[in-house]
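# Descriptive analysis of the structure
These are the residues of each chain, in order.
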Amino acid sequence: MGLQTALVDWLDDRFELVDAVDAELYRRVPNYAAGAYRYLGGVAAILVAVEFISGVLLGLYYVPDGAGEPAPAYTSVVFIQHTAYLGWLIRGMHFWGANLLIVVALLHITFVFWNGGYRAPRELNWMVGVLVFLIILAFSFTGSLLPWDANEYLSRAREMSIISGSGVLPDAVSEFIRYAVQGGAVVGPATLLRFFMAHVFLLPGLMALLLYIHFRLIRKQGPAEPA
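Now for a quick tour of the structure.

Calculation rules
- Residues numbered from 1 in each chain as written.
- Predicted model: local features only at pLDDT ≥ 70, side-chain atom pairs only at ≥ 80, totals over all residues.
- Heavy atoms only, no water.
- Helix = DSSP H or I, 4+ residues; strand = E, 2+ residues; numbered from the N terminus.
- Buried < 20%, exposed > 50% of the residue type's maximum accessible area, 1.4 Å probe, protein only.
- Contact = heavy atoms within 4.5 Å.
- Lys, Arg positive; Asp, Glu negative; His and termini not counted.
- Charge placed at Lys NZ, Arg CZ, Asp CG, Glu CD.
- Salt bridge = Lys/Arg side-chain N within 4 Å of Asp/Glu carboxyl O.
- Core = buried A, V, L, I, M, F, W, Y, C linked by side-chain atoms within 4.5 Å.
- Phe/Tyr/Trp six-rings, centres within 6.5 Å; stacked < 30°, edge-to-face > 60°.
- Axes fitted to C-alpha atoms, helices over the stretch in contact; angles between N-to-C directions.
- Parallel < 35°, antiparallel > 145°, perpendicular 65-115°, else oblique.
- Left-handed = near helix turned anticlockwise from the far one by under 90°.
- Nonpolar A, V, L, I, M, F, W, Y, C, P; charged D, E, K, R; others polar.

## A look at the overall build of the protein chain
Along the protein chain, the regular secondary structure elements total 10 helices and 0 strands. Ordered by position from the N terminus, the helices and strands of the protein chain form the series α-α-α-α-α-α-α-α-α-α. Among the 227 residues that make up the protein chain, the fraction classed as buried is 31%. Summarising the internal contacts of the protein chain: among those between residues at least 6 apart in sequence, 66% fall at separations of at least 24. The average position of the 14 basic charges and that of the 17 acidic charges among the side chains of the protein chain differ by 7 Å.

Shown next, in the form of structure tokens:
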């Protein structure tokens, strides 16, 4: 206890730790903020944390290489699923957590819109939340290719057409977007590497930044009143 007290006092002298914790523990909220749907945002944040932790654990064994037959990427996923200790559990948590995150985030956005949380002065936070949801979808899109099995490989053609705006944008623009995303004329090892880099580095960085802004604005503005 003496060591714990000394450590807390040391941190408190430098970061005002006790005041920050007390401010969160004893924060007063209005009665209308006690509705169950108000906690969907918190559930989504917990699922994001689960995805980050399970993703790091999967990354310890995953090999982002799509060359060869069988490709190291596919072989590493098979190893995670069938050989690594509790690999099947971690991969299942990551897969089903990602699907549940989309559902929870969509419900959260729906209830915020229904409750009028997009109105001033919360319109900026609403736009940040929409960007967070789009990044969640981008996580799903990039992560689905990483197992590098036949099902995921062959399903890319339809999704690439959607991403490139085929049939909507001019052909030259559509082909440029497709080439930039795929890393070539067809889906191949370069596509897998680009998706991996986006899934592991680019999107988590953007997600962390946007969530920080989202939470800071929520703390400043408080819960929106019912519409």
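## Details of the pattern of salt bridges
Scanning all chains against the criterion turns up 4 salt bridges. Arg156 is the partner of Glu152 in a salt bridge, and the nearest nitrogen-oxygen pair spans 3.1 Å. Under the relative-accessibility criterion, Glu152 is labelled buried at 17%. For Arg156, a relative accessible area of 1% corresponds to the buried category. When the shortest N-O distance is used, the salt bridge between Arg156 and Glu159 registers 2.6 Å.

## What about the side chain of Arg122?
Mapping Arg122 onto the fold places it in the loop between α5 (87-114) and α6 (123-143). Here Arg122 sits buried without a salt bridge, and the closest side chain of opposite charge, Glu225, lies 6.9 Å off (N-O distance).

## Overview of the environment of Asp149
Here Asp149 lies in the loop between α6 and α7 (150-154). In this structure Asp149 comes out as partly exposed when scored by relative accessible area, which is 25%. Measuring from C-alpha to C-alpha, the distance between Asp149 and Gly66 comes to 10.0 Å, with 83 residues separating the pair along the chain.

## So, the nonpolar core
Within the largest apolar cluster, 18 residues are counted, with the highest numbers of intra-cluster contacts made by Leu101, Val132, Ile135, Ile136 and Met207. Of all the secondary structure elements, the ones that give two or more residues to this core are α3 (40-59), α5, α6 and α10 (189-221). Considering each element in turn, this core owes the most residues, 6 residues, to α6. Setting aside anything within four residues of it in sequence, one finds Leu101 in contact with Ala44, Leu47, Val48, Glu51 and Ile136. Ala71, Ala73, Leu146 and Leu192 belong to the second-largest nonpolar core, a separate cluster that totals 13 residues.

## Quick word on the packing of aromatic side chains
Applying the stated criterion across every chain yields a total of 11 aromatic pairs. Counting every residue linked through ring pairs, the aromatic cluster contains Tyr37, Phe111 and Trp114.

## Examining the side chain of Glu152
Summarising the element assignment, Glu152 is placed in helix α7. For Glu152, the residues in contact, after removing those within four places along its chain, are Ser144 and Leu145.

## Notes on the packing of α6 against α10
Two numbers describe how α6 lies on α10: the axes approach to 9 Å, and their chain directions differ by 160 degrees. Judged by the inter-axis angle, α6 sits roughly antiparallel to α10. Crossing of α6 against α10: the hand is left-handed. Taken together, the residues of the contact of α6 with α10 sort by class into 20 nonpolar, 7 polar and no charged.

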